[in-house]
Number of protein chains: 2
Amino acid sequence: MKPFLTLQSVDGILEYINDFPALAAESVPLDAAAGRRIAEAWRAPADLPGFDRSTVDGYAVRARDVFGAQEGSPALLECVGECPMGGVPDFSLAEGQTARILTGGMLPEGADCVVMVEYSRQAGGGLVELIRTQAPGDNVLMHDEDAAQGEELIPAGRLLRSQETGLLAAFGEREVRVHRAARVAIISTGDELVPLEGTPAPGQVRDVNSHSLAALCRGVGADVRMVGLVRDDPARLRAEVEDALGSADVVVVSGGSSAGMRDHTVDVFTSVEGGTLLAHGAAISPGKPFILARAGDRCLMGLPGHVTSALICARVFLLPLLHRLQGRKEEEIAPAVPAVLSRAVASAQGRRDFIRVRLTKGPEGYVAEPVMGLSGLISGLVAADALVLCPENREGLYAGERVLAELLD
Amino acid sequence: MKPFLTLQSVDGILEYINDFPALAAESVPLDAAAGRRIAEAWRAPADLPGFDRSTVDGYAVRARDVFGAQEGSPALLECVGECPMGGVPDFSLAEGQTARILTGGMLPEGADCVVMVEYSRQAGGGLVELIRTQAPGDNVLMHDEDAAQGEELIPAGRLLRSQETGLLAAFGEREVRVHRAARVAIISTGDELVPLEGTPAPGQVRDVNSHSLAALCRGVGADVRMVGLVRDDPARLRAEVEDALGSADVVVVSGGSSAGMRDHTVDVFTSVEGGTLLAHGAAISPGKPFILARAGDRCLMGLPGHVTSALICARVFLLPLLHRLQGRKEEEIAPAVPAVLSRAVASAQGRRDFIRVRLTKGPEGYVAEPVMGLSGLISGLVAADALVLCPENREGLYAGERVLAELLD
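Peer 1: What am I meant to see in the overall build of chain A here?
Peer 2: A count of helical and extended segments in chain A gives 7 helices and 28 strands. The C-alpha atoms of chain A give a radius of gyration of 31 Å, which is well past the 22 Å a tight globule of 409 residues would have. For chain A, the spread of C-alpha atoms along the three principal axes comes to 100 × 50 × 40 Å. Relative to its full complement of 409 residues, chain A shows a buried share of 55%. Of the contacts formed within chain A by residues at least 6 apart in sequence, a portion of 71% connects residues at least 24 apart. Approximately 16400 Å² of chain A is accessible, and the part contributed by carbon and sulfur atoms is 49%. The averaged location of the 55 negative side-chain charges in chain A is 8 Å from the averaged location of its 38 positive side-chain charges.

Peer 1: Would you explain the relation of the copies chain B and chain A in this entry?
Peer 2: Between the two chain copies there is a screw-like relation: a rotation about an axis and a shift along it. Least-squares fitting of chain B to chain A yields an RMSD of 0.1 Å, with the transformation described by 0.0 Å of translation along the axis and a rotation of 180°. Look at the turn and shift together and you get a two-fold axis relating the two. When the interface residues of chain B are mapped onto chain A, 100% of them again lie at the interface, so the same face is used by both copies.

Peer 1: What exactly am I supposed to notice about helix 6 (residues 307-325) of chain A here?
Peer 2: Because the α-helix completes a turn every 3.6 residues, residues three or four places apart line up on one side. Residues and elements named next belong to chain A. For helix 6, with 19 residues, the first-to-last C-alpha span of 25 Å sits near the 27 Å given by 1.5 Å per residue. Along helix 6, the sharpest kink reaches roughly 45°, centred on alanine 314. Among the 19 residues that make up helix 6, 19 are buried, leaving the element largely enclosed by the rest of the structure. Following helix 6 by one or two positions, glycine 327 adopts a phi angle in the positive range, close to 115°.

Peer 1: How do you make sense of the side chain of arginine 180 of chain A when you look at a structure like this?
Peer 2: All names here are of chain A. Here arginine 180 shows up in the loop between strand 12 (175-179) and strand 13 (183-189). Under the relative-accessibility criterion, arginine 180 is labelled buried at 16%. One polar contact links arginine 180 to aspartate 249, side chain to side chain, over a distance of 2.9 Å.

Peer 1: Quick question: what am I supposed to make of the sheet that holds strand 5 (residues 75-82) of chain B here?
Peer 2: What holds strands together in a sheet is hydrogen bonding between their backbones, with the strands either parallel or antiparallel. Residues and elements named next belong to chain B. Ordered in space as 7-4-6-5-9-8, the 6 strands form an open sheet in which the pairing is mixed. The strands lining the two open edges of the sheet, one partner per strand, are strand 7 (113-116) and strand 8 (120-124). Put simply, the sheet's adjacent strands are angled 40° from each other on average, direction ignored. Relative to strand 6 (residues 97-101), strand 5 runs parallel, the two being bridged by 3 bridges.

Peer 1: Please explain the pairing of strand 21 (residues 298-303) of chain B as it appears in this structure.
Peer 2: The side chains of a regular strand alternate, first on one face of the sheet and then on the other. Residue and element names in this part refer to chain B. Counting buried positions along strand 21 gives 5 out of 6 residues, so the element sits mostly inside the fold. Here 5 bridges tie strand 17 (residues 250-254) to strand 21, and the two strands are oriented parallel to one another. Note on strand 21: the bridge partner recorded for valine 253 is glycine 302. Pairing of strand 20 (residues 291-295) with strand 21, which is carried by 5 bridges, proceeds in the antiparallel orientation. Counted as the bridge partner of arginine 294 is cysteine 299 from strand 21. Hairpin connection between strand 20 and strand 21: a loop of 2 residues separates the two successive antiparallel strands, and glycine 296 in this loop has a positive phi of roughly 65°.

Peer 1: Quick question: what am I supposed to make of the pattern of salt bridges here?
Peer 2: Any two side chains of opposite charge can pair, so long as their charged atoms come close to each other. Residue and element names in this part refer to chain A. Taken as a whole and assessed by the stated rule, the structure comprises 44 salt bridges over all chains. Between glutamate 332 and arginine 328 there is a salt bridge, and its shortest N-O distance comes to 3.3 Å. For glutamate 332, a relative accessible area of 30% corresponds to the partly exposed category.

Rules used in this analysis
- Residues numbered from 1 in each chain as written.
- Chains lettered and ligands numbered in written order.
- Predicted model: local features only at pLDDT ≥ 70, side-chain atom pairs only at ≥ 80, totals over all residues.
- Heavy atoms only, no water.
- Helix = DSSP H or I, 4+ residues; strand = E, 2+ residues; numbered from the N terminus.
- Rg over C-alpha atoms; globule rule 2.2 N^0.38 Å.
- Buried < 20%, exposed > 50% of the residue type's maximum accessible area, 1.4 Å probe, protein only.
- Contact = heavy atoms within 4.5 Å.
- Areas by Shrake-Rupley, 256 points an atom, 1.4 Å probe, with all protein chains shown as cover.
- Lys, Arg positive; Asp, Glu negative; His and termini not counted.
- Charge placed at Lys NZ, Arg CZ, Asp CG, Glu CD.
- Least-squares fit on C-alpha atoms with pLDDT ≥ 70 in both.
- Expected span 1.5 Å × (residues − 1).
- Bend = angle between axes of the 7 residues up to and from the residue.
- Polar contact = N/O pair within 3.5 Å; in protein donor to acceptor, adjacent residues only side chain to side chain.
- Pairing = 2+ DSSP bridges.
- Axes fitted to C-alpha atoms, helices over the stretch in contact; angles between N-to-C directions.
- Salt bridge = Lys/Arg side-chain N within 4 Å of Asp/Glu carboxyl O.

All quantities given are derived from atomic positions and should not be read as evidence of function.
Next up, the structure:
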């Protein structure tokens with residue numbers, strides 16, 4: 001009789017995953033930091049922009065000198081000069097005076113707003129007519145309006161996007177402290193497998209999981225080592241896992257994760273030094289024969305051999321682990337578009353189902369059409385745009401039900 | 001008087017962008033192909049898996065031999081052997097016979113389904129009791145069930161994800177033909193700017209756009225060359241743009257894109273060899289002073305100097321251009337989440353507004369809270385999680401309105 005797995009809930013397994021500590025910080029050049037997570041909270045070291053800047057081309061004025069100005073009753077002001085770009089005006093404005101200024105220029109002392117050039121007319125003799133009333137601050141970026149010194153603008157663990165890169169550039173941060181990339185070793189097991197460059201004999205198939213899992217991990221910036229194929233032999237698998245643990249933060253083994261006649265992974269994981277089993281069996285479909293173990297701060301993960309199960313299980317557990325190791329602190333927003341399910345899908349209570357769907361644009365938003373197929377099929381996942389979850393407390397989803405479809409990027 | 005821009009619609013400008021041809025194809029190793037777009041439609045060169053495989057551990061049988069089998073009335077079959085992993089069984093099943101088989105094993109001739117080991121009992125004398133009725137095909141992956149020879153599984157221009165990588169691995173595709181990465185040269189203009197490593201004097205600020213735009217382009221796989229700062233001098237800008245055109249597919253100039261006193265970009269773009277202006281002015285906010293030109297198949301793009309305008313304008317026009325050059329053929333699903341707008345936002349008819357929002361999780365999904373701030377502020381975009389569009393035919397969005405928030409990744 002085959003032993004039964006003790007299935008743990010997805011949320012329970014994710015709690016174990018959140019117990020892993022973040023990897024060490026390292027300094028990287030600013031232009032290589034996007035896509036990494038900042039290791040410490042970042043505060044503005046000074047005011048930005050640091051001086052009052054015009055946001056338009058026009059005339060710097062005191063608001064009270066153009067109060068009530070309009071087409072039929074312009075304010076007549078003396079133009080005393082032009083504000084230099086990238087420099088400090090060497091004059092200040094007295095009552096009734098104005099100065100030309102360009103977008104980005106520094107306001108002269110005495111000015112508190114800018115009238116756009118569209119609302120000006122040359123009046124001759126160094127005089128200008130302005131035909132627009134303004135409030136103080138109009139068309140001006142104040143010295144601390146973008147950032148005030150000491151303000152926390154990037155919390156620890158935040159993914160650096162293009163805009164964070166820009167903010168850090170504004171302050172001259174040439175290097176950024178980020179968490180280092182997770183090192184992941186990927187092993188495939190299965191006596192029926194041949195490597196990519198091999199030719200399968202009848203009864204054999206090529207190793208798919210090494211390549212799909214490597215692509216998934218690299219997509220979140222991990223540093224992947226593809227160990228390759230290991231035979232269904234506990235001693236050899238153990239040697240490879242121990243070797244991989246020497247340099248990897250995460251060792252992923254696909255295949256042999258169930259409790260069947262040739263499923264050695266769980267025994268191997270518990271036999272390595274410090275190896276502690278956290279979960280064997282997850283209450284999800286596809287992906288039930290999942291293994292999570294740790295050896296110190298390093299993680300051992302066993303994924304099913306079925307190609308679709310392996311990839312979905314990796315999305316559900318391996319990606320959150322990599323984000324966690326690479327510094328993620330808070331839950332982040334998964335891209336999920338609203339859609340209407342095209343037909344009913346049965347599930348089972350107590351299990352979280354991940355339904356592969358194709359999204360098509362209908363007149364009232366997206367329609368999610370389930371892509372059928374066994375978990376051993378990779379083509380079903382290729383045809384899918386997104387996953388729809390059927391939660392543990394539901395026995396299925398109805399046709400026409402409004403769902404959130406999590407994009408498979 | 002400052003000349004007015006002739007604003008073109010976002011969709012009109014995107015049509016010009018879709019006129020640019022895709023870049024040439026190149027071969028890359030499979031494990032480097034994820035994130036690139038396949039250059040030609042890909043068809044399965046053979047059936048996959050190529051033979052009938054068991055999807056469980058159990059007993060291979062003919063369905064008719066276990067018809068009606070159950071706990072109280074088992075089918076008694078003669079076990080004639082074990083199917084080897086990765087090989088061809090050297091026996092076939094006659095009536096009343098069965099064979100042990102493991103997950104992934106090849107079915108022996110004569111078998112048409114598999115009974116899971118959980119439903120078996122050893123009966124002694126080489127006999128096995130099976131207590132489950134099955135239909136032909138149960139627990140079997142048929143020889144062409146994942147892919148049938150000749151079937152188009154990846155259309156031309158499709159982004160290769162982890163699952164496409166896996167599918168190509170299954171067929172031994174060691175190299176993949178993908179479109180080459182777009183080469184982008186990025187130039188910042190503005191006499192008030194100093195480079196990252198400089199110290200701004202009063203009236204000066206650091207160049208932000210070079211760094212934020214480079215990060216954005218690299219995020220979609222483009223090959224970026226940061227040219228750096230060029231003074232507000234048409235002759236120098238023209239020399240730099242011409243030099244960049246020698247090696248780049250796209251030259252991006254930020255700053256000087258309006259029609260003001262120091263806005264030289266549009267004149268420079270039309271003065272280079274073959275330079276043809278397509279648009280000067282886009283009906284969007286922020287980002288109105290936008291320039292699109294082409295010189296042969298190369299694209300010249302002028303973005304506003306304001307840091308937030310530049311980045312949003314780049315998302316709206318530069319990213320679609322890069323996707324197009326890198327092979328995108330069809331519209332794709334933008335990562336977005338549904339949200340409820342926390343308060344009303346005014347816009348203007350005839351213009352597409354991109355409202356920066358922070359997303360917070362409420363009891364009924366996400367709430368989108370507009371982040372206020374001028375388009376010259378980078379911190380507002382740092383505080384934002386997503387953009388909400390207010391379309392051209394609306395004068396604003398209501399508080400409580402259901403919107404799609406496009407994630408700023």
